[in-house]
Amino acid sequence: MTVLNINETRAYIDGIWIGAHNGETFSVYNPANGETIESVADCGEVDVRKATEAASRAFKSWSRKPAKERAAYLHKAAESMQRAEEDLAKILVEECGKPMREAIGEIRYGASYFQWFAEEAVRAYGEVIPSNSPANRFIATKHPIGVCALITPWNFPNAMLARKAAAALAAGCTIVAKPAEDTPLSALALGKILEHVGLPRGVFNLIPSSRREEMGAWITQDPHIAKISFTGSTPVGRKLFELSAPTLKKLSLELGGNAPFIIFDDADLDAAIDGVMASKFRNAGQTCICTNRVFVHASIEETFANMLTERVAQLQVGSGADPNTDIGPLINQRAAEKVSSLVTSARSEGADLLIGGARATQGELFFEPTVIRSVTNEMKIAREEIFGPVVTLISFETDDDVIEMANSTEFGLAAYMYSDSVKRAWRVSEELDYGMIGINESAISNAQIPFGGIKQSGQGREGSKHGLDDYMEIKFRLFGSIS
Ligand code: SIN
């Protein structure tokens, strides 16, 4: 069996691996030790144009391929990812800092999107609509939107590109992808996989770059690009929205969150603790759907706080390469400073520290798993996305109070609630203003679900059948004079 080399540092444009036009490179660092891993092509405007022109040329034939043929490429991509999962996961551990176990989980998660959209590609059904006249026939069909720019984040550098690319390719779109500058190597490795499965040239292009802001401008101004799918912060999402107005690009935005995790007095406390641990500490708390505020009913708050602190004390902080590690480093200095300052601010506003609360000794970017109690919904730490391994406990008395507190944020991505009452689960979940709600379960992510938020958490859905629709337009045709 041939061994697939997935290590790459160049851009991928029109089926060719190539350095940036200006010859420049940027460094990628290992957040666990600060060492340089690689120097990667630093693409500029000329590279963007070359990539979008290639994607535009490739669109005609790719979009006309029978869906079944496109699906076959996606099935092969899923299989190749599964075969290369250990190598792909090692890249994630190095550039993103994830524990190996989580990195393997992310590669499987990414592969599952290729699998899912291979299966959905052949189901992009249209509609025959009863017409208003015996002479007319109405038909609505779905068509790929065109060249799509995929701008992907550093926290799931493989799975978020896989989630977008698989849907776009299944729909018949072609792609220009710009991975986050902290973690471009996972995207380049995925590019190697897609090259390996024989995707026609120009269908998938990759332009790593350290020039975040200029890239946003070049991509939004480019006339070849019909759609942008972005995962990242709400301020950057707003900027892309604004910059896309002159060319009216279609936008899918998966933005920030401030997830409430509500534990009622009738909840199974062991299950709720497991839920908080899984949701809060995944990727060291650096997930858009991570629990940000834990609301606990006042009557069980003390018991819950003690149980949780005991569990948090068992977490092992360390390099992702160590098989015993639960919590890796934060992605960069900016992230570590933000988490530190939010904890300091909460303490100065009157919150009590139960465990953790400081940078860990393992290295500059490591932060101790932390639990803070007596937090209020008005504190800065409850209003902002923490993006770090910090649990904030807020106590509540009534269902109505907690619903109001949970909803009082500009964000609306994910929420979680634990209760053994079916009535309460229906009523409360109906009133929570969030795009995704986990009831007695916090592991909500998978390829089958419509992943996405409301309010300032964005627009559009990824995964599920809706994820395919996000890359398609509806064309209506009226056939007249039939009878
Ligand atoms: C994210 O953090 O944006 C994605 C997490 C997930 O898909 O579960």
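No experiment lies behind these values; they were computed from the predicted model shown. (Residues numbered from 1 in each chain as written. Predicted model: local features only at pLDDT ≥ 70, side-chain atom pairs only at ≥ 80, totals over all residues. Heavy atoms only, no water.)

1. Thoughts on the layout of surface pockets
Empty space among the atoms becomes apparent when a probe as large as a water molecule is rolled across them.
Right, on to step 1. Considering only enclosed or pocket space, the largest pocket measures out at about 1200 Å³ in volume.
Right, on to step 2. Residue lining of the largest pocket: 42 residues in total, with Trp154, Arg212, Gly232, Ser233 and Val236 positioned closest to the centre.
Right, on to step 3. Residue assignment for the lining of the largest pocket shows that the elements contributing at least two residues are helix H7 (212-221), strand E10 (225-231), helix H8 (234-244) and helix H11 (333-348).
Right, on to step 4. At 7 residues, the largest contribution of residues to the lining of the largest pocket is made by H8.
Right, on to step 5. Here the residues of the lining of the largest pocket are counted per class, giving 19 nonpolar, 10 polar and 13 charged. (1 Å grid on protein atoms, 1.4 Å probe; cavity = no way out; pocket = protein on both sides within 12 Å on 5 of 7 lines; lining within 4 Å. Points joined across faces, edges and corners; volume = space filled by probe spheres on them. Helix = DSSP H or I, 4+ residues; strand = E, 2+ residues; numbered from the N terminus. Nonpolar A, V, L, I, M, F, W, Y, C, P; charged D, E, K, R; others polar.)

2. What about the nonpolar core?
Right, on to step 1. Core analysis: the biggest nonpolar cluster contains 140 residues, and Phe114, Ile263, Phe304, Leu308 and Ile381 have the highest contact counts within it.
Right, on to step 2. Leave out the neighbours within four places in its chain, and Phe114 touches Leu74, Ala77, Ala78, Met81, Ala162, Ala166, Leu169, Leu190 and Leu194.
Right, on to step 3. Among the nonpolar cores identified, the runner-up in size contains 21 residues, and Ala11, Ala149, Ile151 and Ile207 belong to it. (Core = buried A, V, L, I, M, F, W, Y, C linked by side-chain atoms within 4.5 Å. Buried < 20%, exposed > 50% of the residue type's maximum accessible area, 1.4 Å probe, protein only. Contact = heavy atoms within 4.5 Å.)

3. Here we look at the pairing of strand E18 (residues 414-418)
Right, on to step 1. A large share of E18 lies buried, amounting to 5 of its 5 residues.
Right, on to step 2. The side-chain alternation of E18 yields two buried faces, one formed by Ala414, Tyr416 and Tyr418 and the other by Ala415 and Met417.
Right, on to step 3. Relative to E18, strand E12 (residues 259-263) is paired through 3 bridges, and the arrangement is parallel. Within the sheet, the bridge partner assigned to Ile263 lies in E18 and is Tyr418.
Right, on to step 4. The sheet contact formed by E18 and strand E19 (residues 436-439) spans 4 bridges and is parallel. (Pairing = 2+ DSSP bridges.)

4. Considerations on unusual backbone geometry
Right, on to step 1. Positive phi values are uncommon outside glycine, yet Leu248 reaches one of about 45°.
Right, on to step 2. With respect to the helices, strands and loops of the structure, Leu248 is situated in the loop between H8 and strand E11 (250-254).
Right, on to step 3. Of note in the backbone geometry, Phe387 takes a positive phi value of approximately 55° without being a glycine.
Right, on to step 4. Along the chain, the position of Phe387 falls in the loop between helix H12 (380-383) and strand E16 (390-396).
Right, on to step 5. Among the residues examined, Phe387 registers a relative accessible area of 19% and is labelled buried.

5. Here we look at helix H5 (residues 159-171)
Right, on to step 1. Helix length check: H5, at 13 residues, gives a terminal C-alpha distance of 18 Å against a target of 18 Å (1.5 Å per residue), a fit within 8%.
Right, on to step 2. Within H5, 13 of the 13 residues are buried, which leaves the element mostly enclosed by the surrounding structure.
Right, on to step 3. Of the residues one or two after H5, Gly172 is the one with positive phi, at around 105°. (Expected span 1.5 Å × (residues − 1).)

6. Details of the side chain of Ser429
Right, on to step 1. In this fold, Ser429 is placed in helix H14 (residues 422-431).
Right, on to step 2. Here Ser429 falls in the buried class, since its relative accessible area comes to 15%.
Right, on to step 3. Reaching out from Ser429, the side chain makes a polar contact with the backbone oxygen of Trp426 at a distance of 3.3 Å. (Polar contact = N/O pair within 3.5 Å; in protein donor to acceptor, adjacent residues only side chain to side chain.)

7. Observations concerning the pairing of strand E3 (residues 25-29)
Right, on to step 1. Taking every second residue as pointing to the same face, the buried face of E3 carries Phe26 and Val28, while none of Thr25, Ser27 and Tyr29 on the other face is buried.
Right, on to step 2. Bridge count between E3 and strand E4 (residues 36-41): 5 bridges; the pairing is antiparallel. In the sheet register, Thr25 faces E4, and the bridge partner there is Ala41.
Right, on to step 3. Here E3 folds back onto E4 in antiparallel fashion, the turn holding 6 residues, of which Gly34 has a positive phi close to 75°.

8. Some details on the sheet that holds E18
In a beta sheet, neighbouring strands pair by backbone hydrogen bonds and run either parallel or antiparallel.
Right, on to step 1. Strand order in the open sheet formed by 7 strands is E14-E15-E16-E13-E12-E18-E19, and the pairing between neighbours is mixed. Each having just a single partner strand, strand E14 (352-355) and E19 make up the two edges of the open sheet. Between one strand axis and the next, the sheet turns by 25° as a mean value, whatever way the strands run.
Right, on to step 2. Pairing between strand E15 (residues 370-373) and E16: 3 bridges, direction parallel. Looking at the pairing, Ile372 lines up with Thr392 of E16. (Axes fitted to C-alpha atoms, helices over the stretch in contact; angles between N-to-C directions.)

9. Remarks on the packing of helix H3 (residues 85-96) against helix H6 (residues 184-196)
Right, on to step 1. It is the contact of H3 with H6, at a shortest axis distance of 8 Å, that shows an interaxial angle of 165°. Relative to H6, the element H3 is oriented roughly antiparallel. Read as a crossing pair, H3 and H6 show a hand that is right-handed. Taken together, the residues of H6 that come into contact with H3 (itself represented by Leu88, Ile91, Leu92 and Glu95) are Pro184, Leu185, Ser186, Ala189 and Ile193.
Right, on to step 2. Split into classes, the residues belonging to the contact of H3 with H6 amount to 7 nonpolar, 1 polar and 1 charged. (Parallel < 35°, antiparallel > 145°, perpendicular 65-115°, else oblique. Left-handed = near helix turned anticlockwise from the far one by under 90°.)

Interpretation in functional terms is not warranted from these geometric data alone.
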